[in-house]
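Reading the structure
One-letter residues, chain by chain:
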Amino acid sequence: SDSRSAPRTAFGGMVSMGGQLYFLRRNERQRGELWRSDGTAQGTIRIVELPATDFGAIGALQVLGNRLYFPWHTNETGAELWSSDGSAAGTGMVIDLWPGTGSSSPEELVPVGSGAYFRADDGTRGVEFWYLSAPGAVPVPVPDIAPAGLGLDAVTKTVEGNRLIVVDLNLQNSLGITCITHGLP
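Predicted model only: the values in this text are computed from it and were never measured. (Residues numbered from 1 in each chain as written. Predicted model: local features only at pLDDT ≥ 70, side-chain atom pairs only at ≥ 80, totals over all residues. Heavy atoms only, no water.)

1. A closer look at the sheet that holds strand S12 (residues 140–141)
Taken in spatial order, the four strands make up an open sheet running S9-S10-S11-S12, and their pairing is antiparallel. The open sheet has two free edges, formed respectively by strand S9 (110–112) and S12, since each of these has just one partner strand. Bridge analysis of S9 against strand S10 (residues 115–121) gives three bridges, and the strand direction is antiparallel. Across the sheet, the residue bridging to Pro-111 is Ala-116, located in S10. (Pairing = 2+ DSSP bridges. Helix = DSSP H or I, 4+ residues; strand = E, 2+ residues; numbered from the N terminus.)

As structure tokens, then:
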């Protein structure tokens, strides 16, 4: 089959970056691929085949500045945050937050200022927020919100100015409001 034919197994939707559309698809061997398109058949190309996995993609592409971010699960590292600048050489895992085969299972990036927050589990603190200060930066943990490694169960989150406001469900099943300004100007 023509490698430029419309993918039958696209997942995660399309995003626009730098005047190009990007999407993930599963090939005939069930391997994930990152693709780029200018909207024409001739301008639709596979950028890179992603590492093998038993689980496949677990999240959608998101754009932060000049980089794409997405959760990807490999058999060697579990589900971790990946990034791409739109090239094969510029595509890879950002950081293995839960070292080894454990999965940090990063959730959607919430842009705030020039960076973004996301929730992930490092295997020690439970599910907590992490902060990317800029595209291409290494994420840093936000000071622990939920005590004793119990993690954070965010019900909803919103951005207000340079603050991320989180409504979370605590251990007593009551709602709490947390304002995070870690790392912001």
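There is more to say after this.
2. Structural notes on the pattern of salt bridges
Any two side chains of opposite charge can pair, on the condition that their charged atoms come close. Using the criterion set out here, one finds five salt bridges in the structure. For the salt bridge of Arg-25 with Glu-33, the shortest nitrogen-to-oxygen distance reads 2.7 Å. As far as the burial class goes, Arg-25 and Glu-33 line up, both buried. The partner of Glu-107 in a salt bridge is Arg-119, and the shortest N-O contact between them spans 2.9 Å. Of the two residues, Glu-107 is situated in the loop between strand S8 (91–95) and S9 and Arg-119 in strand S10; the sequence distance between them amounts to twelve residues. For Glu-107, a relative accessible area of 35% gives the class partly exposed. Accessibility expressed as a relative area gives 9% for Arg-119, which makes it buried. (Salt bridge = Lys/Arg side-chain N within 4 Å of Asp/Glu carboxyl O. Buried < 20%, exposed > 50% of the residue type's maximum accessible area, 1.4 Å probe, protein only.)

3. Quick word on the sheet that holds strand S5 (residues 62–64)
Spatially, the four strands line up as an open sheet ordered S5-S6-S7-S8, and their pairing is antiparallel. Every interior strand has two partners, whereas the edge strands, S5 and S8, have only one. Along the sheet, successive strands turn relative to each other by an average axial angle of 45 degrees, direction set aside. Pairing analysis gives seven bridges linking strand S6 (residues 67–74) to strand S7 (residues 78–84), with the strands arranged antiparallel. Within S7, the residue paired with Trp-72 across the bridge is Glu-80. (Axes fitted to C-alpha atoms, helices over the stretch in contact; angles between N-to-C directions.)

4. Thoughts on the nonpolar core
Core analysis: the largest hydrophobic core is formed by 13 residues, its most contacted members being Tyr-22, Leu-24, Leu-34, Leu-50, Leu-61, Leu-68 and Phe-70. Breaking this core down by element, the ones donating at least two residues are strand S1 (10–17), strand S2 (20–26), strand S4 (44–49) and S6. Counting residues per element, this core draws most heavily on S6, at three residues. Setting aside residues up to four positions removed in sequence, Leu-34 forms contacts with Phe-23, Leu-24, Arg-46, Ile-47, Val-48, Leu-61, Leu-68, Ser-84 and Thr-91. In this structure, Leu-64, Leu-97, Ala-116 and Phe-118 belong to the second largest nonpolar core, which totals ten residues. (Core = buried A, V, L, I, M, F, W, Y, C linked by side-chain atoms within 4.5 Å. Contact = heavy atoms within 4.5 Å.)

These results come straight from atomic positions and should not be treated as a statement about function.
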